[in-house]
Amino acid sequence: MSSIQTIQVHTAPAYAVSIGGGLLHTCGPLLRESLGLCHVAVITDSNVAPLYLGTVTSSLQTAGFAVSSYVFPAGEARKNFDTLSGILEFLAEERLTRTDCIVALGGGVTGDMAGFAAGCYLRGIRCVQLPTTLLSAVDSSVGGKTAIDLKAGKNLAGVFLQPAAVLCDTDCLASLPPEVFADGAAEAIKTGVLCDESLFSLFESGHLETDPAQVIARCVAYKAGVVERDEKEQGERRLLNLGHTVGHAIEKCSGYSIPHGHAVAAGLVIIARASEHLGWTEEPIAARIAACLAKNGLPTGTDYTADALANAASADKKRAGGDITLVIPRKIGACELRKMPVAELLPVITAGLEV
Ligand code: GLY
């Protein structure tokens, strides 16, 4: 097994994010140490189950856990009430109790939905995240946001539930199709734009695949600090939504056929371009961000109109009353929050679509 890095997240309760190779094989003994023996329900999707469910189940059973598993059809379009309800009914049929635990095995959709099920089943049981995609490793498995999508928009129902542990097995990254890997690269590039120009430069030079564990550790360490200071997204945590207001609008306009990371990539370019046109940046950044995203196999724009995007974004949960808070990149490595009336979204997005 390669060396394992561990990052502590000091929320209440605190938890560890372990990053390295071979962790799915050793999840049983590791979780026995951190959780104690209990009944575990592994929730996963139809893409991930054939790859890793056997490994995880066998490691957990060998360590002494009672294990049940639930597999739902893969895809963001399944991140809805029907799937959530199926998971909750399953947990009840399997008679999980308050001392038991859910294990979310998969990408962002699985982590969000299994986490939500854990947050509301019996008014809350523990959830462990086993991210298998780069996107869930660098972002969604850490920080306790859980959700499903509603017809009106993305992630509109959910709870905050910090995981009991996160085990990120970097060996899983090798099995990812390039476009799924690129999805995670978008969130890591976002982190670079937020706080870490050298991380951004790693993606500009295209050298990411040589050491993804380092990239994951840097993204998780930054996110852990933000979440510790602002767990429920009352202030600083909103910065993590860079590119997401327009990104979520693109996802919604596409009926969730455009993957999250791809939509966020386009959203990043649009907000960077808008910020430049509106004089909010300290230096030209949009072309540099677009080039970096393109180098990593990501889109840099969208065919949806400013009207369609502004309309979709106006249902975004970052809205508060008649205002919305956008994350504005000032330069690579520094961003700020800007609150504005929802009516200003249309001119901002229009500016972002101008080349
Ligand atoms: N994905 C943004 C957050 O966790 O706050």
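Residues numbered from 1 in each chain as written. Predicted model: local features only at pLDDT ≥ 70, side-chain atom pairs only at ≥ 80, totals over all residues. Heavy atoms only, no water.

Before going further, it helps to examine the packing of helix α1 (residues 27–35) against helix α2 (residues 49–63). The contact between α1 and α2 brings their axes to 7 Å, and the two run at 50°. The pairing of α1 with α2 is recorded here as oblique in orientation. Of the two possible hands of crossing, α1 and α2 adopt the one that is right-handed. Residue-level contacts link Cys 27, Gly 28, Pro 29, Leu 31 and Arg 32 of α1 to Val 56, Ser 59, Leu 60 and Ala 63 of α2. Considered class by class, the residues forming the contact of α1 with α2 number six nonpolar, two polar and one charged. (Axes fitted to C-alpha atoms, helices over the stretch in contact; angles between N-to-C directions. Helix = DSSP H or I, 4+ residues; strand = E, 2+ residues; numbered from the N terminus. Parallel < 35°, antiparallel > 145°, perpendicular 65-115°, else oblique. Left-handed = near helix turned anticlockwise from the far one by under 90°. Contact = heavy atoms within 4.5 Å. Nonpolar A, V, L, I, M, F, W, Y, C, P; charged D, E, K, R; others polar.)

Neighbouring the ligand are the residues Asp 139, Lys 145, Lys 223, Glu 233, Arg 237 and Leu 240. A distance of 2.9 Å is found between an oxygen atom of the ligand and a side-chain nitrogen or oxygen belonging to Lys 145. A distance of 2.7 Å separates an oxygen atom of the ligand from a polar side-chain atom of Arg 237. Taking 200 Å² as the accessible area of the ligand by itself, protein coverage stands at 92%. (Near = heavy atom within 4 Å. Polar contact = N/O pair within 3.5 Å; in protein donor to acceptor, adjacent residues only side chain to side chain. Areas by Shrake-Rupley, 256 points an atom, 1.4 Å probe, with all protein chains shown as cover.)

For any two aromatic rings, the description comes down to two numbers: the centre-to-centre distance and the angle of the planes. For the structure shown, the criterion picks out one aromatic pair. With 5.1 Å between their ring centres and 45° between their planes, Tyr 70 and Phe 90 make a pair best called tilted. Placement of Tyr 70 in strand β4 (residues 66–72) and of Phe 90 in helix α3 (residues 81–93) is noted, with a sequence separation of 20 residues between them. (Phe/Tyr/Trp six-rings, centres within 6.5 Å; stacked < 30°, edge-to-face > 60°.)

Judged by how many residues are buried, strand β2 (residues 15–20) sits mostly within the fold: five of six residues are covered. Alignment of strand β1 (residues 5–9) against β2, held across five bridges, turns out to be antiparallel. Counterpart to Gln 8 in the pairing with β2 is Ala 16. (Buried < 20%, exposed > 50% of the residue type's maximum accessible area, 1.4 Å probe, protein only. Pairing = 2+ DSSP bridges.)

Across the sheet, seven strands lie side by side as β1-β2-β9-β6-β5-β3-β4; this open sheet has mixed pairing. Every interior strand has two partners, whereas the edge strands, β1 and β4, have only one. In this sheet, adjacent strand axes meet at a mean angle of 15° when their direction is disregarded. Inspection of the sheet shows strand β3 (residues 39–45) paired to β4 by seven bridges, in the parallel sense. Each residue of the ladder has a partner; that of Thr 44, found in β4, is Val 71. Against the sheet, helix α8 (residues 212–229) makes contact with β1, β2 and β9 (165–169), and its axis sits at roughly 10° relative to β1, the strand it touches most.

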